[in-house]
Amino acid sequence: MTQQTQKRIAVVSIFPEMFSAISDFGITGRAVKEGRIAIRCWNPREFTEDRHRTVDDRPYGGGPGMVMLVDPLRQALETACEWAGEAGGETRVIYLSPQGRKLEQAGVEELAGVDNLVLLAGRYEGIDERVISNWVDEEWSIGDYVLSGGELAAMVLVDAVTRLIPGALGHAQSAQEDSFAEGLLDCPHYTRPEVYEGMRVPEVLLSGNHELIRRWRLKQSLGRTAERRPDLLEKVELDAEQSRLLAEILAEKKQ
Ligand SMILES: c1cc(-c2cnc[nH]2)ccn1
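Cut-offs used in this document
- Residues numbered from 1 in each chain as written.
- Predicted model: local features only at pLDDT ≥ 70, side-chain atom pairs only at ≥ 80, totals over all residues.
- Heavy atoms only, no water.
- UniProt positions renumbered as here; feature names shortened; annotations may be inferred.
- Helix = DSSP H or I, 4+ residues; strand = E, 2+ residues; numbered from the N terminus.
- Contact = heavy atoms within 4.5 Å.
- Pairing = 2+ DSSP bridges.
- Axes fitted to C-alpha atoms, helices over the stretch in contact; angles between N-to-C directions.
- Buried < 20%, exposed > 50% of the residue type's maximum accessible area, 1.4 Å probe, protein only.
- Phe/Tyr/Trp six-rings, centres within 6.5 Å; stacked < 30°, edge-to-face > 60°.
- Patch = residues over 30% accessible without salt bridge, like charges linked within 9 Å, V, L, I, M, F, W, Y side chains within 5 Å.
- Areas by Shrake-Rupley, 256 points an atom, 1.4 Å probe, with all protein chains shown as cover.
- Salt bridge = Lys/Arg side-chain N within 4 Å of Asp/Glu carboxyl O.
- Right-handed = clockwise from strand over helix to strand, strands pointing away.

1. As for the UniProt feature "binding site: S-adenosyl-L-methionine" (unreviewed entry) in the protein
Within the UniProt annotation, "binding site: S-adenosyl-L-methionine" (unreviewed entry) is assigned to Gly-122, Ile-142, Gly-143, Asp-144, Tyr-145, Val-146 and Leu-147. Its place among the elements puts Leu-147 in the loop between strand E7 (138-141) and helix H6 (151-162). Dropping the residues within four chain positions of it, Leu-147 is found in contact with Ile-142 and Ala-153.

Here it is as structure tokens:
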């Protein structure tokens, strides 16, 4: 495989073992194996000097929970940046937090264009603000809910970005076909058997007529998006065919 450049993804987390979920399985696991991405973790505990390997402490001003200490995080980030930057190109340090910019497909495309990423996953109540103001470039959120840490959010980001790397999806499917790439929800999918407890697969999908199938799938995506996520539809500029198909399916749903 000719490889333009390998995207280096460094992770800073006190639970590095979690990241085997993306490095050892699926599309991301294959991308690692094929050398399209490299994932390497640094644990802030490795940068502590006390015998308890302390990475957190009580918050100034009082309040519940603990806050992650600045120095172990700073050292881990600097080491991670050094590795990530060895490959050359731009390296961007990202902190995953509910206070970040909402990650949507457009943002995934932006991050896919960055040569190397350093992902900081916090735990506890959060991290000392001085880490963010001095060593973080961007904060990103995967949604408006509080997780137990940034690790799962970091893995979501890596998965979505990796799918956009040329060749990562293999021959099966191009990212372009992903309905979200067109700003629409996905169409229904079926596989064997043709009939299951009396429930039939839509005839068009058995017709072998690829143009009819393409049109049916687009119509279904448009209808679903209108029904379930009208907010998405407002962001999409429909072409003549899409507008016609949407009108058709909305009329059919009214019958
Ligand atoms: C990114 C990170 C988080 C999060 C990190 N730590 C607690 N929640 C939530 C949503 N998106």
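2. Observations concerning the sheet that holds strand E1 (residues 7-12)
Two modes of strand pairing occur in sheets, parallel and antiparallel, and in both the strands are linked by backbone hydrogen bonds. Across the sheet, 5 strands lie side by side as E2-E1-E6-E5-E7; this open sheet has parallel pairing. With partners counted over all chains shown, the strands left at the sheet margins are strand E2 (37-42) and E7, one partner each. The average undirected angle you get between the axes of adjacent strands in this sheet is 30°. Both strand E5 (residues 91-102) and E7 contribute to a ladder of 5 bridges, which runs parallel.

3. A look at the environment of Tyr-95
Of note, Tyr-95 is situated in strand E5. On the accessibility criterion, Tyr-95 (6% relative accessible area) is buried. Along the chain, Tyr-95 and Glu-194 lie 99 residues apart, while their C-alpha atoms are 47 Å from each other. If sequence neighbours within four positions are ignored, Tyr-95 has contacts with Leu-120, Gly-122, Gly-126, Ile-127, Ile-132, Val-136, Glu-138, Glu-139 and Trp-140.

4. What to know about the packing of aromatic side chains
In the structure shown here, the tally under the stated rule is 1 aromatic pair. Between the aromatic rings of Trp-42 and Trp-83, the centroid separation amounts to 5.5 Å while the plane-to-plane angle is 55°, which identifies the pairing as tilted. Remark: Trp-83 occurs in helix H3 (residues 70-85) and Trp-42 occurs in strand E2; sequence separation between them is 41 residues. For the residue pair Trp-42 and Trp-83, the accessibility class agrees, reading buried in each case.

5. With respect to a nonpolar patch on the surface
A grouping of Tyr-145, Leu-147 and Leu-152 is seen on the molecular surface, where their side chains present a nonpolar patch of about 290 Å² in accessible area. On the basis of relative accessibility, which here comes to 36%, the residue Leu-147 falls in the partly exposed class.

6. Digging into the pairing of E5
Looking at chain direction, E5 and strand E6 (residues 116-121) are connected through 6 bridges and run parallel. Within E6, the residue paired with Arg-92 across the bridge is Leu-117. At this point the chain moves from E5, through helix H4 (residues 105-112), to the parallel E6, and the crossover so formed is right-handed.

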